[in-house]
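Architecture at a glance
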Amino acid sequence: MITAIVFVNAEVSKIPEVAAAIADLEGVSEVYSVTGQIDLIVMVRVRTHEEIALVVADHLNKVPGVTATETHIAFRSHSRHDLEAAFSLGLD
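Only a predicted model underlies this, so the values are computations on that prediction, with no experimental measurement involved.

1. Details of the pattern of salt bridges
Applying the stated criterion to the full structure yields two salt bridges. With its nearest N and O atoms 3.6 Å apart, the salt bridge here joins E11 to K14. Of the residues examined, E11 reaches a relative accessible area of 34% and is grouped as partly exposed. The salt bridge partner of E30 is R45, with a shortest N-O separation of 2.5 Å. Taken together, the residues span a long stretch of sequence, with E30 in strand β2 (residues 28–33) and R45 in strand β3 (residues 40–46) at a distance of 15 residues. By relative accessible area, which is 26% here, E30 ends up partly exposed. According to the relative accessible area criterion, R45 is partly exposed, its value standing at 33%.

As structure tokens, then:
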């Protein structure tokens, strides 16, 4: 499974509609409305890199109201358990 994290900027007046339309796309597992420099964070989970191109370039970028995207492909996953162990101070 390949995971891509897509930062999406959208027309401010259309953010809820854009989020809903993106959430309906095949390959999109989650859409988060966030604060800061971007409007939405989209999690795409697919089997191949070609599918990322299909989801992002051919569908997500064409959703009315999307003004810009930035795609990051994850190369390693860390679970909460792994992160807790990595940052543990070893105090009992």
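2. Examining the nonpolar core
Counting 21 residues, the largest nonpolar core has V8, I22, V42 and V44 as the members making the most contacts within it. Mapped by element, the contributors of at least two residues to this core are β1 (2–10), α1 (15–23), β3 and α2 (49–59). The element contributing the most residues to this core is β1, with five residues.

3. Digging into the confidence of the model for the chain
Any residue range with low pLDDT should be treated as having predicted coordinates unsuitable for detailed reading. For the chain, per-residue confidence averages 90 on the pLDDT scale, and residues scoring 70 or more make up 85% of the total. For the chain, the element scoring lowest by mean pLDDT is helix α3 (residues 80–87), at 58; α1 scores highest, at 98.

4. Points about the pairing of β3
When you tally the buried positions in β3, you get five out of seven residues, the bulk of the element. Where β1 meets β3, seven bridges bridge the pair, whose relative direction is antiparallel. Among the inter-strand pairings, T3 is bridged to a residue of β3, identified as R45. As paired strands, β2 and β3 are joined by five bridges and run antiparallel to one another. Bridging from a neighbouring strand, V28 pairs with V44 of β3.

5. Digging into the sheet that holds β1
Taken in spatial order, the four strands line up as β2-β3-β1-β4 in an open sheet, and their pairing is antiparallel. Each edge of the sheet is formed by a strand with only one pairing partner; in this case those strands are β2 and β4 (66–73). Put simply, the sheet's adjacent strands are angled 20° from each other on average, direction ignored. Most of the contacts of α1 go to β2, to which it runs at about 165°, and overall it touches β1, β2, β3 and β4.

Rules of the game
- Residues numbered from 1 in each chain as written.
- Predicted model: local features only at pLDDT ≥ 70, side-chain atom pairs only at ≥ 80, totals over all residues.
- Heavy atoms only, no water.
- Salt bridge = Lys/Arg side-chain N within 4 Å of Asp/Glu carboxyl O.
- Buried < 20%, exposed > 50% of the residue type's maximum accessible area, 1.4 Å probe, protein only.
- Helix = DSSP H or I, 4+ residues; strand = E, 2+ residues; numbered from the N terminus.
- Core = buried A, V, L, I, M, F, W, Y, C linked by side-chain atoms within 4.5 Å.
- pLDDT = per-residue confidence, 0-100.
- Pairing = 2+ DSSP bridges.
- Axes fitted to C-alpha atoms, helices over the stretch in contact; angles between N-to-C directions.
- Contact = heavy atoms within 4.5 Å.

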